[in-house]
Amino acid sequence: MTLPSRLLALLGRMTTLCVVLLGVVAGTGAAAGAPQASARAAAATERPAPGPVVVVGMPGLDAEDLDPARTPHLWSMLEHGASASLIVRSVHLTTCPVDGWLTLGAGGRAAQPDQGDDPRPPCSAIPAVGEGGMLTGWQRYADAAARTRQASRLGSLTTTLRQRGDCVSAIGPAAAVGAADGDGRVGRATAYAPATLPSDLARCPVTLVDPGGLTTRDRDARSAQLAGLDARLGEVLAAAPERVTVIVAGLADDGPAERVRVVLERGPDIVPGTLRSSATRQDGVVLLTDLAPETVALRGGTPPVAWTGEAWTVLPDEGAAEDRRDAMVDTAQAAHRVQPLADPFFKTWAIGQLVLYLGALLLARRRSADDTTRSRLARGVRAVAVVAACVPAATYLAALVPWWRVGPPLLTLSAVVAAIALVLGSVALIGPWRRHPLGSPAAVAALTVTVIAGDAVTGSHLTLSTLMGEQPTIGGRFYGLGNVAFALLATATLLLCVAVADLGARRGHPRAGALAALAIGLVAVVVDGSPSWGADLGGPAALLPAVAGLVVVALGLRLGWGRVLLVGVVTVLVLVGLAVADYLRPASSRTHLGRFVQTVLDGGAVDVVSRKAQQNLDLLTGSPLATLIPVGLALVVIALLRPRSALGRPLLPAYERVPLLRPGLICIVVMWLIGFVMNDSGTAIPAVGATVLVPLIIAIVLDARRTDQQPAPRP
């Protein structure tokens, strides 16, 4: 077999492995908590004809509260209407009733003022409606909204509807908070009284109702509260005008713990099914900030572009109401049980990797070439390092297994992740590519790229409620690539590019290897930056220059300032093109890219940049482990720039064996630094990227030290 044929055969094997895994991810991703496949495939229903709208806020309501015997009216809403899990995260970690009503009225995140540094401040009292319909203390809420830099304008819901000629009335004390205009004035506010409900509900086309809420997790006390709320809902349904659409939303938390809530919508033109919001792109998961756009859309209006939420569509579902309830319970349980495990996982994983690094360093410094024990130990550490590098991908694939339904969450999830990592590591260690100096590490990189990119392309089903993915209760991303996913994708992509380019040079075809690496890198950039897939604004700005620099070096060209400037200009043009293309789409279809363009046009870019910088600073100073990130980056830079120093000397055998490795590592670090600056929470990018890169570098160094193979010709 000729050398080009061998090159193609090896690349073909790795491609086949990636395609098979991509098929698994695409074919079974729905098992990560999405509703029934039939509901996803069904066409969304048309918008109902404009009619009266009643929004009933029940803070604390979640899917487990829905029961045909205990809550018959809520169950009727579920059975004959559409439903979804509701993410109520506003400004603080927990959402108080005032926060929920303020967010409904603002069309964006808003909350009561901070109380020191407490991320879960105690809930303040509901403000009273004073003389002239003014809410007491409204200016405090307005000042708090301005300090959050969320660009939320209190009272936007009422202002928007008023411009259409609609008025908004409030029944109950807390509902007045959502019905207030920008000045804090409520046009029509009444107390909740069953006798006057018919007239109160007929005052305005839009009515906000506060029947009370749930304030405890105690079973007996909660049952009593639920019975009272369900009875009041029955009174509202009986007194509501004809052709009314009723929304029941658990728009706040019921205590100091954040949880996934539930929303129910029923109306004359709404069929039983599951709600979907383009703000999350997840069937059966919508946001608290979607309530205002949905209310305006039900009245036949167009929500303001500045609002962050989106109106819902209904995915018809002919299944039983119990199945829809169970799907929401499943989504909530996965989110509730994984969130407390994420922080301990990262800390334990960081400490475990430090132990691995220290052990590998001590092993590398031992000089005895005849020590059989040392040789066996080196092989064992190398295998452990390869398996350890598979853990990040395994945390995503663990979403395919309903671990939250079985046994203790920590033990069950740990066992699932360990088993998947062991399988992936075994594939990387025993495949035919293992004979190449970067074979096993390249296989791990290919597997990681396939899992992360495949999930983004197939709908981001694996990213929710995973240890290294997105936590629904945090209310961050629900689709595309966040900072953690980007760090894994970009780091693995660049290492895979190094392996492919080195393989081409080793087989006597450096140009072919460099072009193959360029193709892999560009595919990763497209997946990351595409509005339909990754929807990541800062990622391409970090990954594209790194890929370009690596390819230039692989082609044997000098990376001078002229080429660096050219790469920078091309990167900026690509980013602007992606953002503008997304902005030109309809407002309801835009992602983070298009919304950022709108923010720039509205003059809010400074607030966005300030908020991102503040988030990075808070993360850096938030924990002792986080403060080690800049120190670690500095040590890595020293090791790469001074390869014969004490820090860089252990890598020399790997550099001799794979000459392109050092430029590749420099490109990875450059990508980390750009990603750190360009993204909010960018602090996580170097730390997360290191969880894949460092174990694989350890494996490469140990493999280089135990072999006598000749180094490849320099490209």
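The structure presented is a predicted model; accordingly, all values stated were derived computationally and were not measured.

1. Considerations on the overall build of the chain
Link 1 in the chain: The secondary structure content of the chain amounts to 25 helices and eleven strands.
Link 2 in the chain: For the chain, with 715 residues in total, the buried portion stands at 53%.
Link 3 in the chain: Of the contacts formed within the chain by residues at least 6 apart in sequence, a portion of 74% connects residues at least 24 apart.
Link 4 in the chain: When the accessible area of the chain is evaluated, it comes to approximately 28800 Å², of which 62% is carbon and sulfur surface.

2. Some remarks on the nonpolar core
Link 1 in the chain: Counting residues in each nonpolar core, the largest one holds 101 residues, and the members touching the most others are Tyr396, Met671 and Trp672.
Link 2 in the chain: With 16 residues, helix α16 (residues 483–506) is the single largest residue contributor to this core.
Link 3 in the chain: Every residue in contact with Met671, bar those within four places of it in the chain, is listed here: Phe486, Ala490, Thr491, Leu494, Ala542, Leu543 and Ala546.
Link 4 in the chain: Core analysis: the second largest hydrophobic core is formed by 46 residues, Val53, Leu86, Leu288 and Leu298 among them.

3. Describing the environment of Val500
Link 1 in the chain: Note on placement: Val500 falls in helix α16.
Link 2 in the chain: When the C-alpha positions of Val500 and Ala442 are compared, they lie 8.3 Å apart, and in sequence the two are 58 residues distant.

4. Describing the packing of aromatic side chains
Two numbers describe a pair of aromatic rings. These are the distance of the centres and the angle of the planes.
Link 1 in the chain: The full count for this structure, using the stated rule, is two aromatic pairs.
Link 2 in the chain: An angle of 85 degrees between the planes, with centres 6.3 Å apart, marks the rings of Trp138 and Tyr141 as edge-to-face. Placement of the pair is Trp138 and Tyr141 together in helix α5 (residues 138–147), with a separation of three residues, close to one helical turn.
Link 3 in the chain: Owing to a relative accessible area of 5%, Trp138 belongs among the buried residues under this scheme.

5. Focus: α16
Link 1 in the chain: With 24 residues, α16 extends 34 Å between its outermost C-alpha atoms, agreeing within 8% with the 34 Å of an ideal straight helix rising 1.5 Å per residue.
Link 2 in the chain: Burial analysis of α16 places 23 of its 24 residues in the buried class, which makes it a mostly covered element.
Link 3 in the chain: One or two positions beyond α16, positive phi appears at Gly508, with a value near 85 degrees.

6. Quick look at a nonpolar patch on the surface
Link 1 in the chain: Taken together, Val572, Val576, Val580 and Leu584 make up a surface patch of nonpolar side chains, about 350 Å² in accessible area.
Link 2 in the chain: Here Val580 is to be found in helix α19 (residues 561–583).
Link 3 in the chain: Classification of Val580 by relative accessible area gives partly exposed; the value is 35%.

7. Quick look at unusual backbone geometry
Link 1 in the chain: Notably, Arg243 is not glycine yet its phi reads approximately 55 degrees, a positive angle.
Link 2 in the chain: The exposure class assigned to Arg243 is partly exposed, which follows from its relative accessible area of 47%.
Link 3 in the chain: Its identity as a non-glycine residue notwithstanding, Arg281 has a phi of 60 degrees, on the positive side.
Link 4 in the chain: Note on placement: Arg281 falls in the loop between β8 (273–277) and β9 (282–283).
Link 5 in the chain: Relative accessible area serves as the criterion here: at 18%, Arg281 is assigned to the buried category.

8. A closer look at the state of the cysteines
Link 1 in the chain: Evaluation of the coordinates by the stated rule reveals two disulfides.
Link 2 in the chain: One disulfide bridge connects Cys96 with Cys123, the sulfur atoms lying 2.1 Å from each other. Judged by the sign of its S-S torsion, about -90 degrees, the bond between Cys96 and Cys123 is left-handed. In this pair, Cys96 is assigned in the loop between β2 (82–87) and α4 (97–106) and Cys123 in the loop between α4 and α5, connecting sequence segments 27 residues apart.
Link 3 in the chain: Among the residues examined, Cys96 registers a relative accessible area of 1% and is labelled buried.
Link 4 in the chain: In this structure Cys123 comes out as partly exposed when scored by relative accessible area, which is 47%.
Link 5 in the chain: Among the cysteines of the chain that take part in disulfides, numbered as they appear in the sequence, the pairing is 1-2, 3-4.
Link 6 in the chain: Between Cys667, a free cysteine, and Cys497, which holds the nearest cysteine sulfur, the sulfur-to-sulfur gap is 9.7 Å.

9. Regarding the pairing of β2
Link 1 in the chain: Here β2 lies mainly inside the structure; six of its six residues are buried.
Link 2 in the chain: The sheet contact formed by β2 and β8 spans two bridges and is parallel. Note on β8: the bridge partner recorded for Ala82 is Gly273.
Link 3 in the chain: Alignment of β2 against strand β10 (residues 285–287), held across three bridges, turns out to be parallel. Considered in β10, the bridge of Ser85 is made with Val285.

10. As for the environment of Ala180
Link 1 in the chain: Mapped onto the elements of the fold, Ala180 is located in the loop between α7 (175–179) and β4 (188–190).
Link 2 in the chain: When the C-alpha atoms of Ala180 and Ala106 are compared, they prove to be 9.5 Å apart, with 74 residues separating the residues in sequence.
Link 3 in the chain: When sequence neighbours within four positions are dropped, the list of residues in contact with Ala180 reads Leu135, Trp138, Gly155, Thr158, Arg185 and Val186.

11. Remarks on the pattern of salt bridges
Link 1 in the chain: Here the structure, examined in full by the defined rule, presents 21 salt bridges.
Link 2 in the chain: Asp62 is paired through a salt bridge with Arg261; the nearest N and O atoms lie 3.5 Å apart. Here Asp62 is found in the loop between β1 (53–57) and α3 (72–80), whereas its partner Arg261 is found in strand β7 (residues 261–266), with 199 residues between them in sequence. The pair formed by Asp62 and Arg261 is uniform in burial state, with each residue classed as buried.
Link 3 in the chain: In this structure, Arg325 engages Asp326 in a salt bridge whose closest nitrogen and oxygen atoms are separated by 3.1 Å.
Link 4 in the chain: Taken together, the salt bridges that share partners define one network made up of Asp62, Asp65, Arg217, Arg222, Asp253, Asp254, Arg259 and Arg261.

12. Notes on the packing of α16 against helix α17 (residues 510–529)
Link 1 in the chain: With their axes 6 Å apart at the nearest point, α16 and α17 run at an angle of 165 degrees to one another. Relative to α17, α16 is oriented roughly antiparallel. In the packing of α16 onto α17, the handedness of the crossing is right-handed. For the pair α16 and α17, contact is made by Phe486, Leu489, Thr493, Leu496, Cys497, Val500, Ala501, Gly504 and Ala505 and by Pro510, Gly513, Ala514, Ala516, Ala517, Ile520, Gly521, Ala524 and Asp528, respectively.
Link 2 in the chain: Split by residue class, the contact of α16 with α17 holds 13 nonpolar, four polar and one charged.

Here is what the cut-offs are and how they apply
Residues numbered from 1 in each chain as written. Predicted model: local features only at pLDDT ≥ 70, side-chain atom pairs only at ≥ 80, totals over all residues. Heavy atoms only, no water. Helix = DSSP H or I, 4+ residues; strand = E, 2+ residues; numbered from the N terminus. Buried < 20%, exposed > 50% of the residue type's maximum accessible area, 1.4 Å probe, protein only. Contact = heavy atoms within 4.5 Å. Areas by Shrake-Rupley, 256 points an atom, 1.4 Å probe, with all protein chains shown as cover. Core = buried A, V, L, I, M, F, W, Y, C linked by side-chain atoms within 4.5 Å. Phe/Tyr/Trp six-rings, centres within 6.5 Å; stacked < 30°, edge-to-face > 60°. Expected span 1.5 Å × (residues − 1). Patch = residues over 30% accessible without salt bridge, like charges linked within 9 Å, V, L, I, M, F, W, Y side chains within 5 Å. Salt bridge = Lys/Arg side-chain N within 4 Å of Asp/Glu carboxyl O. Disulfide = S-S within 2.5 Å. Pairing = 2+ DSSP bridges. Axes fitted to C-alpha atoms, helices over the stretch in contact; angles between N-to-C directions. Parallel < 35°, antiparallel > 145°, perpendicular 65-115°, else oblique. Left-handed = near helix turned anticlockwise from the far one by under 90°. Nonpolar A, V, L, I, M, F, W, Y, C, P; charged D, E, K, R; others polar.

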